[in-house]
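The primary structure of each chain is shown beneath.
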Amino acid sequence: MGRCCPPMDLFRSEPMQLVQLIIPIESSHLTVSYLGDLGLLQFKDILQFMAPNISYSIFFQLNAEKSPFQRTYATQIKRCGEWARKLRFFKDQMLKAGFSPKVSKTQVDINLDDLEVKLGELEAELIEMNANGEKLQRSYNELVEYKLVLLKAGDFFHSAQSIALEQQREYGSRRTGEESLDTPLLADQEMSIDPSKQVKLGFLTGLVPREKSMAFERILFRATRGNIFLKQAVVEDPVVDPVSGEKVEKNVFLVFYSGERAKYKILKICEAFGANRYPFTEDLGKQVQAINEVSARLSELKTTIDVGLLHRGNLLQAIAEQFESWNLLVRKEKSTYHTLNMLSLDVTKKCLVAEGWSPVFASKQIQDALQRAAVDSNSQVGAIFQVLDTREPPPTYFRTNKFTSAFQEIVDAYGVAKYQEANPGVYTIVTFPFLFAVMFGDWGHGICLLLATLFYIVREKKLSGQKLGDITEMTFGGRYVILMMSVFSIYTGLIYNEFFSVPFELFGRSAYACRDISCRDATTEGLVKVRHTYPFGLDPKWHGSRSELPFLNSLKMKMSILIGVAQMNLGIILSYFNAVYFGNNINIWFQFLPQLIFLNSLFGYLSVLILVKWCSGSQADLYHVMIYMFLSPTDDLGENQLFAGQKTIQLVLLFLALVAVPWMLLPKPFLLKKQYENLHQGQSYTLIEETEESLQVESNHDSHNHEEFEFSEVFVHQLIHTIEFVLGAVSNTASYLRLWALSLAHSELSSVFYEKVLLLAWGYNNVIILIVGIIVFIFATVGVLLVMETLSAFLHALRLHWVEFQNKFYEGDGYKFHPFSFAITDDDDD
Amino acid sequence: MYGFEALTFNIHGGYLEAIVRGHRAGLLTAADYNNLCQCESLDDIKMHLSATEYGPYLQNEPSPLHATTIVEKCTLKLVDEYKHMLCQATEPLSTFLEYITYGYMIDNVVLIVTGTLHERDVQELLEKCHPLGMFDSIATLAVAQNMRELYRLVLVDTPLAPYFSECITSEDLDDMNIEIMRNTLYKAYLEDFYKFCQKLGGATAEIMSDLLAFEADRRAVNITINSIGTELTRDDRRKLYSSFGLLYPYGHEELAVCEDIDQVRSVMEQYPPYQAIFSKLSYGESQMLDKAFYEEEVKRLCLAFEQQFHFGVFFAYMRLREQEIRNLMWISECVAQNQKSRVHDSVVFIF
């Protein structure tokens with residue numbers, strides 16, 4: 001593997017190495033936590049992938065897969081889980097009490113055992129306080145309910161008594177007044193029943209939840225066959241239920257019954273409905289007394305509860321101050337033990353063996369960390385660091401900064417680069433915003449975007465610390481992408497000469513003017529060129545003229561093709577660099593070269609024609625030229641000829657394109673077959689000669705070499721590849737025309753909003769209509785052009801990169817480097 | 001009707017079918033059970049479960065765990081999922097989902113009534129009830145003295161009311177007739193559910209009739225075995241068999257006269273699907289029959305997921321989850337009581 005270019009961070013992923021650490025057991029915890037601080041080593045779970053590594057398994061226990069709770073540090077992890085649970089409990093309590101944990105930067109150095117004791121104590125204290133508080137609260141709520149019952153039931157008895165008295169009085173007065181014939185004869189008897197014979201009616205009072213009150217009444221009625229009298233009174237404010245502690249709307253009920261069985265049933269039913277019963281006396285004096293007593297106890301309880309709450313608040317406050325640092329510590333501890341569990345224990349139980357990936361540049365730092373850990377833990381032996389040889393594909397790691405990371409994300413979203421393959425992310429930094437801007441060319445809109453993204457960038461420090469909403473977080477994450485996009489769209493907007501679809505004469509005066517002074521409508525009458533060509537971008541006079549669209553269409557279409565061909569060529573050239581880097585000569589000669597020739601003999605030639613036409617001002621029909629290059633290559637070009645010898649060149653190019661197809665298709669599979677056969681043969685010879693040591697190495701990597709070579713499969717694969725490239729050359733070029741289409745749509749939409757909303761409203765000469773018009777214009781501009789159009793242009797730019805550009809060279813089947821790092825564990829807070 | 005539900009099923013049922021299939025993917029696998037069976041303590045079980053879908057439900061439990069807590073939390077998860085699906089469901093799926101809970105309701109009614117008969121505390125009984133089978137006035141059941149009261153007081157308001165028509169008697173409740181009541185109710189419930197599924201038609205009817213028929217047959221066998229040696233007459237016994245299923249009607253005639261387990265066996269071996277179950281058992285043995293039936297049921301329930309566009313998956317999922325909770329309960333109990341040698345006895349692997 002040769003190096004073709006100096007190491008640059010982003011062009012290829014970092015060189016990685018598989019390292020083995022042998023850590024003495026007494027310093028293992030400290031070592032892992034230092035490595036976590038460093039965050040440059042990705043531990044491999046040795047215990048899970050041990051089976052294939054035959055040579056190592058001699059030294060280690062032969063257990064291929066250990067479930068999590070059988071590993072060495074399972075108990076410690078459980079302990080951490082227990083702490084985490086306690087911390088969650090504290091957090092829950094704090095949130096309920098309205099405290100937010102303070103973010104304290106002061107790193108408190110606590111011993112873990114102390115922490116465990118402290119957490120346990122605090123939890124016990126808090127639970128006890130809660131229990132006491134709950135008990136008090138419960139009796140308080142009960143008293144509140146009791147008071148309600150006393151008041152409501154008292155009311156009821158009082159009104160019932162007065163009604164009864166009134167009735168009696170009325171009845172009495174009627175009787176004394178005149179003895180009517182209607183008066184039932186038995187009435188007298190009825191009224192004066194001997195009180196001793198009267199059945200004593202019992203009654204129960206209490207509260208029942210309002211939503212259950214109907215069912216309650218129904219069941220009572222059914223259970224006693226209607227032999228009850230139930231009275232309910234609505235309690236206006238919701239009452240806190242003593243049992244559940246929730247606010248419930250309740251009714252006070254009063255039920256009269258007769259007989260013990262009925263009482264028993266009613267009691268059961270009350271219990272079933274969660275109706276709390278309270279004692280009640282008929283005696284008015286006792287009622288008043290009871291109410292007073294209850295009120296007194298209520299106020300007493302209230303003060304007790306308040307004191308309790310204050311005390312609890314103080315405790316929680318104290319917890320809140322320490323909470324974050326504890327939480328951090330526990331999380332670090334837990335991830336450390338999880339990592340330690342991935343290491344395997346040596347048979348002597350004296351040291352742990354770790355394997356992992358690290359970037360080559362980090363060797364020094366890792367060794368430093370190991371040394372520090374050994375010193376700090378007073379270990380007699382330092383940890384051993386050694387690089388292993390492996391055939392496993394290493395992870396892909398790019399060192400990005402806050403600017404490049406968003407662009408790298410765009411590429412990674414498609415697929416993580418194969419280890420050390422050419423990274424399209426570098427080119428994406430420029431090409432992505434540029435393609436976006438081609439579709440979004442308006443410097444007014446560009447400035448709006450720029451201001452929005454500058455807002456994010458200026459407040460970057462503040463915003464990155466806090467939690468943002470979904471969409472805000474996304475735009476914030478892509479702030480530098482948006483910055484680039486807006487800068488580029490200001491640039492293309494200047495070229496298109498559009499500011500909210502209005503042209504400006506920024507770079508001097510227009511080159512065109514009226515033929516004479518009399519022409520009123522300069523846009524419809526013919527114009528003549530009076531000055532030098534407009535120095536930068538589009539001449540403002542084109543705007544609104546009849547030939548504006550045909551002119552712009554032709555310009556943008558050709559420009560799209562030029563951009564597309566350039567970008568696709570870049571893709572093919574990158575495939576060359578990949579082939580050179582991985583030493584794959586077959587790919588250079590039988591893939592890169594024919595592809596380059598095919599694409600350029602067709603569309604490269606078209607691009608050249610476009611440039612020639614622009615420079616020479618020829619009126620040749622390029623469609624015609626391209627189509628008849630295939631249909632009848634020998635015919636005379638006639639008036640479509642752009643330069644001398646064009647016909648010969650076309651014939652040569654056509655021939656090259658036709659040759660390139662079988663060139664791509666046929667040799668590669670046959671060469672691969674031959675290569676495989678050679679390799680196979682060679683191996684059978686070397687087996688005899690080589691020493692045993694290398695035999696072992698071979699056997700380790702047997703799985704890689706023994707892949708069956710299926711010629712038909714390879715051939716079909718190559719066939720598909722070729723067809724895809726040949727058809728793709730046409731369809732991908734056509735696909736780049738979306739640049740033109742979206743740019744057209746954007747400028748048309750913005751001119752519609754400008755002319756049909758703003759100018760129309762202006763024309764009415766009415767302030768209100770103008771204001772409405774301006775508001776509509778602003779909303780349409782922001783909503784449709786700045787948000788929707790940005791999104792759609794973004795998506796199309798994304799597609800052009802993922803499909804048209806990256807399919808030329810990018811494999812994207814690598815996997816990302818996930819170092820064990822505390823900085824990352826801190827972030828996945830729930 | 002049949003074959004065309006694929007056109008319209010997804011309008012109302014698509015979302016929930018996706019949900020339920022997602023839930024199914026969260027069921028514990030054989031690998032999980034193997035790990036769980038190796039656990040040394042309940043904390044190990046918790047730790048293992050924390051990596052599964054049960055994680056969030058168990059993570060806040062303080063450390064000395066009880067087996068009941070694990071089961072309770074796992075049931076809570078099932079209930080949450082069920083409630084979510086019921087909220088989202090439209091007719092007729094919502095009715096179908098409600099039908100699934102009636103079985104639990106019957107069990108709860110029987111539990112409370114039996115409990116009060118033996119003078120247990122109502123609150124304690126309520127805690128033991130399955131949360132899916134709760135209804136408003138369930139605690140009032142304790143008041144009732146006989147079937148008629150039971151019906152008039154409480155059950156008339158519940159969906160179980162129609163099933164009661166056959167067992168309203170004024171006899172006082174005792175263990176025997178409570179058991180008869182349970183089986184009568186269950187029979188009526190199964191028949192009603194069966195009819196409902198037939199009415200739905202299509203793949204739902206096809207799959208559900210198979211599942212319900214299996215359920216009915218299993219109950220028939222269980223009733224027969226449990227009633228051997230009791231004073232239940234043959235006619236009474238026959239009345240408790242559901243009027244559908246593979247055994248209906250000739251198998252029922254034969255089961256009704258069985259006097260010992262081997263006779264049951266000879267009856268069942270005439271039916272090919274059950275032959276396999278009974279061939280695993282040695283003669284005179286009925287202990288392992290439950291497990292054998294559970295295994296067969298799980299197999300059939302899993303098959304319900306092979307076809308799309310029907311409601312059977314909801315039923316199957318609830319049953320599978322219930323089986324999983326049974327497994328977890330068995331494992332945790334075994335671990336808690338240091339009976340690790342018996343841990344494999346009653347665990348039915350789902351996948």
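Computed from a prediction, not measured in an experiment: that's the story for all the values here.

K.L.:
I'm lost on the overall build of chain B in this one. Help?
P.N.:
If you tally the helices and strands in chain B, you get 17 helices and 0 strands. Its C-alpha atoms put chain B at 50 × 50 × 45 Å along the principal axes. Looking at the 351 residues of chain B, the share that counts as buried comes to 55%. Long-range pairs, those at least 24 residues apart, make up 64% of the contacts in chain B between residues at least 6 apart in sequence.

K.L.:
Any chance you could explain the overall build of chain A here in plain terms?
P.N.:
Helix and strand counts for chain A stand at 26 helices and 13 strands. The burial tally for chain A puts 42% of its 830 residues in the buried class. Across chain A, contacts joining residues at least 24 apart in sequence account for 81% of those joining residues at least 6 apart. Carbon and sulfur atoms provide 60% of the accessible area of chain A, an area that totals close to 46,100 Å².

K.L.:
Looking at this structure, how should I read the packing of helix 11 (residues 202–227) of chain B against helix 16 (residues 289–304) of chain B?
P.N.:
To characterise two packed helices, one gives the angle between the axes of the helices and the distance between these axes. All names here are of chain B. At a minimum axis distance of 10 Å, the contact between helix 11 and helix 16 shows a crossing angle of 175°. With respect to their mutual orientation, helix 11 and helix 16 come out roughly antiparallel. In this structure, helix 11 contributes Ile207, Asp210, Leu211, Phe214, Glu215, Arg218, Val221, Asn222 and Ile225 to the contact, and helix 16 contributes Leu289, Asp290, Phe293, Tyr294, Glu296, Glu297, Arg300, Leu301 and Ala304. A class-by-class count of the residues in the contact of helix 11 with helix 16 yields 10 nonpolar, 1 polar and 7 charged.

K.L.:
What exactly am I supposed to notice about the pattern of salt bridges here?
P.N.:
If the charged atoms of two oppositely charged side chains come close together, the side chains can form a pair. Residues and elements named next belong to chain A. All chains considered together, the criterion is met by 44 salt bridges over all chains. The shortest N-O distance in the salt bridge between Asp412 and Lys816 comes to 3.4 Å. Here Asp412 is found in helix 10 (residues 404–414), whereas its partner Lys816 is found in the loop between helix 25 (767–805) and helix 26 (822–827), with 404 residues between them in sequence. Using a relative accessible area of 13% as the deciding quantity, one classes Asp412 as buried.

K.L.:
I'm lost on the interface of chain B and chain A in this one. Help?
P.N.:
By a widely used convention, the size of an interface equals the accessible area lost when the partners come together. At the interface, 29 residues of chain B touch 22 residues of chain A. For the interface between chain B and chain A, the tally reads 1 salt bridge. With a closest N to O distance of 2.5 Å, A:Lys78 and B:Asp44 form a salt bridge. The interface formed by chain B and chain A holds 4 residue pairs in polar contact (both at pLDDT 80 or more) in total.

K.L.:
I keep staring at the pairing of strand 1 (residues 16–24) of chain A and nothing clicks. Help me out?
P.N.:
Residue and element names in this part refer to chain A. Counting buried positions along strand 1 gives 8 out of 9 residues, so the element sits mostly inside the fold. Note: strand 1 against strand 10 (residues 351–359), 9 bridges, orientation antiparallel. Within strand 10, the position partnered with Val19 by the bridge is Gly356.

K.L.:
Help me understand the pairing of strand 10 of chain A, please; the structure alone is not making it clear to me.
P.N.:
On a regular strand, one side chain projects to one face of the sheet and the next to the other, so that they alternate. Residues and elements named next belong to chain A. Burial analysis of strand 10 places 9 of its 9 residues in the buried class, the great majority of the element. Here strand 10 shows no split at all, with Cys351, Val353, Glu355, Trp357 and Pro359 on one side and Leu352, Ala354, Gly356 and Ser358 on the other all buried. The sheet contact formed by strand 2 (residues 42–43) and strand 10 spans 2 bridges and is antiparallel. Across the sheet, residue Phe43 finds its bridge partner in strand 10, namely Gly356. Both strand 9 (residues 344–345) and strand 10 contribute to a ladder of 2 bridges, which runs antiparallel. When the bridges of strand 10 are listed, Leu345 appears paired with Leu352. Linking strand 9 back to strand 10 in an antiparallel pair, the connection comprises 5 residues, with Lys349 at a positive phi of about 60°.

K.L.:
Just to check I follow, could you spell out unusual backbone geometry for this structure?
P.N.:
Phi is mostly negative for residues that are not glycine, and the peptide bonds are mostly trans. Residues and elements named next belong to chain B. Between Glu91 and the following residue, Pro92, the backbone shows a cis peptide bond with an omega angle of -5°. As for its placement among the helices and strands, Pro92 is situated in the loop between helix 6 (67–88) and helix 7 (93–117). Omega for the peptide link from Tyr248 to Pro249 comes to -5°, which places this bond in the cis form. Not every positive phi belongs to a glycine, and Glu119 is a case in point at roughly 55°. Phi at Phe309 takes a positive value of approximately 60°, unusual for a residue other than glycine. Looking at where Phe309 falls in the secondary structure, it is placed in the loop between helix 16 and helix 17 (312–336). Under the relative-accessibility criterion, Phe309 is labelled buried at 18%.

K.L.:
Where do I start with the packing of aromatic side chains in this structure?
P.N.:
Within a pair of aromatic rings, the relevant descriptors are the distance that separates the centres and the angle that separates the planes. Residue and element names in this part refer to chain A. Scanning the model with the defined rule gives 56 aromatic pairs over all chains in all. Ring centres of Phe499 and Phe500 lie 4.9 Å apart, and the angle between their planes is 85°; on these two criteria the pair is classed as edge-to-face. Looking at Phe499, the relative accessible area reads 25%, which means it is partly exposed. Relative to Phe582, the ring of Tyr581 lies with its centre 5.4 Å away and its plane at 90°, an arrangement referred to as edge-to-face. Directly above the ring of Phe361 sits Arg399, whose terminal nitrogen or CZ lies 3.7 Å from the centroid.

K.L.:
What's the story with helix 17 of chain B in this structure? I'm lost.
P.N.:
Residue pairs three or four apart in sequence face the same way in an α-helix, which turns once every 3.6 residues. In this model helix 17 of chain B runs 36 Å from its N-terminal to its C-terminal C-alpha over 25 residues, within 8% of the 36 Å that 1.5 Å per residue would give. B:Asn338, located one to two residues past helix 17 of chain B, shows a positive phi value of around 60°.

K.L.:
How do you make sense of a negative patch on the surface when you look at a structure like this?
P.N.:
A cluster of acidic residues, A:Glu271, B:Glu72, B:Asp121, B:Glu124 and B:Glu127, forms a negative patch at the surface. For B:Glu127, the position within the fold is in helix 8 (residues 122–128).

K.L.:
What is the right way to read the environment of A:Leu451 from this model?
P.N.:
All names here are of chain A. Here Leu451 is to be found in helix 12 (residues 443–458). Residue Leu451 is classed as exposed on the basis of its relative accessible area of 55%. For Leu451 and Ser486, which are 35 residues apart along the polypeptide, the C-alpha to C-alpha distance reads 9.0 Å.

K.L.:
Hey, could you run me through the confidence of the model for chain A in this one?
P.N.:
Residue and element names in this part refer to chain A. The predicted model of chain A has a mean per-residue pLDDT of 82, with 86% of residues at 70 or higher. In the model, residues 183–196 has pLDDT below 50 throughout and makes 5 contacts with residues more than four positions away in sequence or in other chains. Note that pLDDT drops below 50 for residues 686–704; the model gives that stretch 7 contacts with residues more than four away or on any other chain.

What counts and how
Residues numbered from 1 in each chain as written. Chains lettered and ligands numbered in written order. Predicted model: local features only at pLDDT ≥ 70, side-chain atom pairs only at ≥ 80, totals over all residues. Heavy atoms only, no water. Helix = DSSP H or I, 4+ residues; strand = E, 2+ residues; numbered from the N terminus. Buried < 20%, exposed > 50% of the residue type's maximum accessible area, 1.4 Å probe, protein only. Contact = heavy atoms within 4.5 Å. Areas by Shrake-Rupley, 256 points an atom, 1.4 Å probe, with all protein chains shown as cover. Axes fitted to C-alpha atoms, helices over the stretch in contact; angles between N-to-C directions. Parallel < 35°, antiparallel > 145°, perpendicular 65-115°, else oblique. Nonpolar A, V, L, I, M, F, W, Y, C, P; charged D, E, K, R; others polar. Salt bridge = Lys/Arg side-chain N within 4 Å of Asp/Glu carboxyl O. Polar contact = N/O pair within 3.5 Å; in protein donor to acceptor, adjacent residues only side chain to side chain. Pairing = 2+ DSSP bridges. Phe/Tyr/Trp six-rings, centres within 6.5 Å; stacked < 30°, edge-to-face > 60°. Lys NZ or Arg CZ within 6 Å of the ring centre and 35° of its normal. Expected span 1.5 Å × (residues − 1). Patch = residues over 30% accessible without salt bridge, like charges linked within 9 Å, V, L, I, M, F, W, Y side chains within 5 Å. Lys, Arg positive; Asp, Glu negative; His and termini not counted. Charge placed at Lys NZ, Arg CZ, Asp CG, Glu CD. pLDDT = per-residue confidence, 0-100.

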